[in-house]
Amino acid sequence: MIPLIGWLNERAMKWYTVAASFVTAGLAVSLFFSAGGGEFTRVWWIPGIDASVGIHLTGVGLYVAVVAACVGALAILYSIRYMEPREESYGPTRYYFLTLLFVGAMIAESMADSFLFLYLFWELIGVCSFLLIAYDYRRSRARDAGLKAFVVTRFGDIGLLVAVVTLWTAMNRIGAEDPFSIGGTIQAALAGQIPHHMLGIAGVGFIAAAVGKSALFPLHIWLPDAMEAPTPTNALIHAATLVNAGVYIVARTLPMFTVLPWWLPTLVWIGAISALLTAILALLERDIKHLLAFSTISQLGFMMAAVGAASVFASQFQMLNHGIFKALLFLAAGAVIHTTGTRNLFEMGGLRRSMPLTHITFAVGAAALAVFTLLNGFWFDNAVFEALLVNGHTIPLVMLVLAVILTAIYAFRMYWLTFAGERRSETEAADAPWQMAVPLVVLAVGTVIGWLYVGRLAAHLGTVLVYHDIPPIVPGALLQYTFNTALLALGGVTILALVWLGMRWSRHGSPVPEEPRMWADLVTDTKAFGDWLWGLPVVVMRAFAALISLGQTGDLNYNSLWLALGFIAVLVMLLGWG
């Protein structure tokens, strides 16, 4: 419909997309009252391989769908004004078509109960992200960023394909009626019907898929470069769609891999390393969108560690909260970029007077990221810390505690360099128009009160996640539990440190370097030298391709000679083996 309406009237097309996204969000929210743990529908699709299309309103995917739909609707409304300057160079139809498809693909994947169905939409999400990251295709940086995201995430996609084929083979061997069924495969694994070596192959594949899609260490290198995409797309990627898919898939399949002693600890270590490493990089970053990208990877590391500690509730609670405040931060940052024309934190400052609404909403998001008390980002860490402590993961626990402290510091630094102090630019600044301001206000309110949904969330997860252990919890119990633990003391120390930093910067000015910070820029631009590490195989492959190309002369005689030699080599091998 979007291309057709866009051909007739572009303005009508844009508001049709907004209406469709908000209807989708309303339908997604209504699923909370429809899900009861049973199958919603299943249709046989490819009888030759016993493939079906199954949709279940169960599991962690229900919350992924709601976050994707609601944040997607707000991001599309925000895009109405934010994307106007680009419409002079690029027609808007492509953007709105891909954005709505992006959101729909994430919703479909999160509700799938067929590994084949899930894999198809997993790939569709990857294609949409590639096309949106490279949306501004006339700029080489955008093209390179889209290609980099597409290529790096292929590592994870190959892992998922291997895992799906392995599990399908195992289910066929036991005569399963629907060998692609996620629920059926979990039941078979818990019953010991799938051999451990096949579960091990699938487990490695799912970890690879999660690491690639969620940009966790060591495949974290693509996400900061993906900031070349339009800011509403960044909000979708970081808060609602692409990167959440990796955490979702390991949380969804967690029960079947609990029999593998190495699987959960691997998730914990990947999460802890990712959280601490990218928190350090965020502390050094000067580009506001790159800083938020490193922050997203760090928060995803917390979620992955929570899954590894078998605390699915903590992981999903944080996914819900993070989706709200990270979308708020990206859209508020987009409002700043839209009016100032720069992404460099050192070229901002003093914007709180000229952008009061953006300032307040951004401050709420930054405070939630910094785990300030009573905002939705505050309630997650304690559950993860306890789960890690109970399971004996002492070193990852220490790493995550350090990451929390660094998170509070870089969140405060980001806020201060953007809105506090004196203006470092002569550019005129003003609050965004209502199409951009309304999503900011809605997300800010959600950041303040969203945690009150914890009782409903726990009760619902306990009902629909039949293979996960989800204890009941209510807001009152959460308050008592949290304020009786060491997390409050940690938060108090962090707040005092930030107050001290603020007072120091108020007296002496914010620490904006006068000279280029070559060492810091080198570390952040290479993602802690990850670009160099993964660039080496690329150089080797290019050299090998150049060597092979020497034999591709275009001369039919030479080509026939190579074919003949290849045929003789294969024949010799077959005769030797025979």
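Just so we're clear, the structure is a prediction, and the values are computed from it rather than from any experiment.

**Q** When you look at the overall build of the protein chain in this model, what are you seeing that I'm missing?
**A** Looking only at helices and strands, the protein chain features 25 helices and two strands. Of all 578 residues assigned to the protein chain, the portion counted as buried reaches 57%. Considering only contacts in the protein chain between residues 6 or more positions apart, those separated by 24 or more positions represent 80%. For the protein chain, the exposed area adds up to about 23600 Å²; of that, 69% sits on carbon and sulfur atoms.

**Q** Whenever I open this one, the packing of helix 10 (residues 231–239) against helix 14 (residues 288–308) confuses me. Can you help?
**A** Put simply, helix 10 and helix 14 touch, their axes get as near as 11 Å, and they point 10° apart. Relative to helix 14, the element helix 10 lies roughly parallel. Only Lys289, Leu292, Ala293 and Thr296 of helix 14 make contact with helix 10, whose side of the interface consists of Thr231, Asn234 and His238. Taken together, the residues of the contact of helix 10 with helix 14 sort by class into two nonpolar, four polar and one charged.

**Q** What exactly am I supposed to notice about the pattern of salt bridges here?
**A** If charged atoms from side chains of opposite charge come close, those side chains can pair. If you walk through the whole model with that rule in mind, you get 11 salt bridges. Its salt-bridge partner being aspartate 157, residue arginine 154 comes within 2.5 Å of it at the nearest N-O pair. A residue pair is termed a helical-turn pair when its members lie 3 or 4 positions apart in one helix, as arginine 154 and aspartate 157 do in helix 6 (residues 140–173) at three residues. Neither residue differs from the other here; arginine 154 and aspartate 157 are each classed as buried. In this structure, aspartate 287 and arginine 343 form a salt bridge, with 3.1 Å as the shortest nitrogen-oxygen distance. Remark: arginine 343 occurs in the loop between helix 15 (312–340) and helix 16 (356–369) and aspartate 287 occurs in the loop between helix 13 (263–284) and helix 14; sequence separation between them is 56 residues. With relative accessibility at 14%, the residue aspartate 287 sits in the buried group. If you follow the salt bridges from partner to partner, you end up with Asp136, Arg139, Arg141, Glu228, Asp287 and Arg343 in one network.

**Q** Before we go on, may I ask you to explain the packing of aromatic side chains in this structure?
**A** Each aromatic ring pair is summarised here by two numbers: the centre-to-centre distance and the angle between the ring planes. Scanning all chains against the criterion turns up 15 aromatic pairs. For the pair tryptophan 15 and tryptophan 434, a centre-to-centre distance of 6.3 Å together with 20° between the ring planes defines the contact as stacked. With a gap of 419 residues between them, tryptophan 15 in helix 2 (residues 10–30) and tryptophan 434 in helix 19 (residues 434–449) connect regions that are remote in the sequence. Tryptophan 15 gets classed as partly exposed once you look at its relative accessible area, which sits at 29%.

**Q** Mind showing me how you'd approach the side chain of histidine 359 here?
**A** One can find histidine 359 in helix 16. Judged by its relative accessible area of 16%, histidine 359 falls in the buried class. Within the structure, the side chain of histidine 359 is placed 2.7 Å from the side chain of tyrosine 415, a separation counted as a polar contact. In this view, histidine 359 contacts Arg352, Tyr415 and Phe419; residues no more than four positions away in its chain are not counted.

**Q** Before we go on, may I ask you to explain the environment of threonine 153 in this structure?
**A** Here threonine 153 shows up in helix 6. Residue classification places threonine 153 among the buried residues on the basis of a relative accessible area of 5%. Not counting chain neighbours up to four residues away, the residues in contact with threonine 153 comprise Gly212 and Trp222. Within the structure, the side chain of threonine 153 is placed 2.7 Å from the backbone oxygen of alanine 149, a separation counted as a polar contact.

**Q** Could you clarify how one ought to interpret helix 6 in this entry?
**A** Counting along an α-helix, one turn takes 3.6 residues, and residues three or four places apart therefore face a common direction. Here helix 6 contains 34 residues, and its C-alpha end-to-end distance of 49 Å stays within 8% of the 50 Å for a straight helix at 1.5 Å per residue. Roughly 35° is the biggest bend found in helix 6, and it falls at arginine 154. Positioned one or two residues after helix 6, glycine 175 has a phi angle of 75°, which is positive.

**Q** Please explain the environment of leucine 277 as it appears in this structure.
**A** Positionally, leucine 277 belongs in helix 13. Residue class for leucine 277 comes out partly exposed when judged on its relative accessible area of 23%. In this structure the C-alpha to C-alpha distance between leucine 277 and methionine 399, which are 122 residues apart in sequence, comes to 9.4 Å.

The rules behind each value
Residues numbered from 1 in each chain as written. Predicted model: local features only at pLDDT ≥ 70, side-chain atom pairs only at ≥ 80, totals over all residues. Heavy atoms only, no water. Helix = DSSP H or I, 4+ residues; strand = E, 2+ residues; numbered from the N terminus. Buried < 20%, exposed > 50% of the residue type's maximum accessible area, 1.4 Å probe, protein only. Contact = heavy atoms within 4.5 Å. Areas by Shrake-Rupley, 256 points an atom, 1.4 Å probe, with all protein chains shown as cover. Axes fitted to C-alpha atoms, helices over the stretch in contact; angles between N-to-C directions. Parallel < 35°, antiparallel > 145°, perpendicular 65-115°, else oblique. Nonpolar A, V, L, I, M, F, W, Y, C, P; charged D, E, K, R; others polar. Salt bridge = Lys/Arg side-chain N within 4 Å of Asp/Glu carboxyl O. Phe/Tyr/Trp six-rings, centres within 6.5 Å; stacked < 30°, edge-to-face > 60°. Polar contact = N/O pair within 3.5 Å; in protein donor to acceptor, adjacent residues only side chain to side chain. Expected span 1.5 Å × (residues − 1). Bend = angle between axes of the 7 residues up to and from the residue.

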